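One letter stands for each residue in the lines below.
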Amino acid sequence: MKERLRMLVTVKAYPSISKRKGETVCVAGLRERGEGSFEWARLWPVPFRDMDIAGRFSTWQWVELDAQRTSSDQRPESWRPVIDSIVTREPVEPRAGWRDRLHFLEPVMLSSMCELRRKQEAAGTSLAAFRPREVFDVTAEPNDPWSAEHEAVASQTSLLMPDKRPLEWIPTRFKFHYSCGDVEAGCRGHSQTVVDWGLLQLYRNSKRNHGPAKAEGDVIQIAGPTKDTIFFVGNQHQARRGWMVIGMAYPPVRSEGESDQLRLELL
Ligand SMILES: [Zn+2]
């Protein structure tokens with residue numbers, strides 16, 4: 001049964017290729033539940049680059065759409081979207097140190113990756129946002145090459161979008177290694193692959209303009225100490241313990257006084 005969702009998109013993962021679904025994007029965000037309460041929603045499959053321009057939304061933009069539950073993905077946050085029903089609404093701008101965005105995000109954030117793991121075991125939670133305590137390393141590994149079949153899907157042209165460029169295979173897989181807020185409870189940290197579309201796009205642009213060494217440096221920089229980095233982490237429905245950083249947000253670092261002030265305003 002279809003339901004109308006109103007959600008604030010916070011995550012677009014890099015497009016992925018499958019033989020059955022073609023090129024699709026995993027989208028996630030906060031679904032409005034009324035009375036100012038929100039819960040996570042994941043939309044898949046979203047054939048983003050084949051969609052009509054009018055329906056293409058940005059992260060931090062409200063959208064409304066029809067969606068339904070599916071038996072093939074029973075994670076509590078997952079919905080199958082009706083693509084033609086997507087209506088884009090107002091963006092939430094990053095002004096005033098991200099106050100407007102954090103107003104929606106902070107109340108649903110978890111304290112750590114380990115808290116997400118516990119919630120996954122208890123209730124099947126498969127999606128969350130939290131601040132890593134510290135990103136202490138970013139490693140770049142060679143990515144698995146596409147098969148000939150994947151290659152063929154990636155280079156398919158679109159009748160609706162004649163200007164669509166073939167999806168680019170990214171030769172590097174970035175992994176973030178970070179300490180977790182549960183370090184006192186014995187957590188030794190987490191290592192997760194990043195599939196955030198914005199970050200991988202930044203890498204591609206930088207690599208094209210300045211070469212691979214500078215591009216890798218830019219990725220490492222982005223999670224550095226000048227940002228108050230937030231990770232959006234999700235699992236895969238075939239691999240409930242296979243967590244990935246599916247999206248990232250980089251609010252500016254706040255001074256202690258500012259964050260206290262924000263906390264008061266949010267209460
Ligand atoms: Zn942990």
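Because the structure is a prediction, the values reported are computed rather than measured. (Residues numbered from 1 in each chain as written. Predicted model: local features only at pLDDT ≥ 70, side-chain atom pairs only at ≥ 80, totals over all residues.)

(A) A look at helix 4 (residues 197-210). In a regular helix each residue adds 1.5 Å, so 14 residues correspond to 20 Å; helix 4 covers 20 Å between its end C-alpha atoms and thus fits that length. Check the buried side of helix 4 and you find it contacts strand 1 (3-12), helix 5 (212-222) and strand 13 (239-249). Looking one or two places after helix 4, you find G211, whose phi comes out positive at around 95 degrees. (Helix = DSSP H or I, 4+ residues; strand = E, 2+ residues; numbered from the N terminus. Expected span 1.5 Å × (residues − 1). Contact = placed C-beta atoms within 7 Å.)

(B) The arrangement of the sheet that holds strand 10 (residues 172-179) in detail. The strand order across the open sheet formed by three strands is 9-10-11, and the pairing between neighbours is antiparallel. Strand pairing shows two members of the sheet lacking a second neighbour, strand 9 (134-142) and strand 11 (190-193), which therefore form its edges. Geometrically, the sheet is characterised by an average inter-axis angle of 25 degrees between neighbouring strands, direction not taken into account. (Pairing = 2+ DSSP bridges. Axes fitted to C-alpha atoms, helices over the stretch in contact; angles between N-to-C directions.)

(C) Layout of the sheet that holds strand 13. Taken in spatial order, the three strands of this open sheet run 8-12-13, and their pairing is antiparallel. Only two strands of the sheet have a single neighbouring strand rather than two, namely strand 8 (127-130) and strand 13. Direction aside, the axes of adjacent strands within the sheet are offset by 25 degrees on average. Sheet topology places strand 12 (residues 230-236) next to strand 13; six bridges connect them, and they run antiparallel. Each bridged residue has a counterpart across the sheet, and for F231 the counterpart in strand 13 is M248. Lying over the sheet, helix 2 (residues 113-123) contacts strand 8, strand 12 and strand 13, oriented at roughly 160 degrees with respect to strand 8.

(D) Quick look at helix 2. Of the positions making up helix 2, those classed as buried are M113, L116 and R117. For helix 2, the angular spread of the buried residues around the axis is 100 degrees, confining them to a single face. Among the exposed residues of helix 2, those oriented more than 90 degrees off its buried face are A122 and A123. Elements in contact with the buried residues of helix 2: strand 8, strand 11 and strand 12. (Buried ≥ 20, exposed ≤ 12 C-beta atoms within 10 Å, placed from the backbone. Arc of directions from axis to C-beta.)

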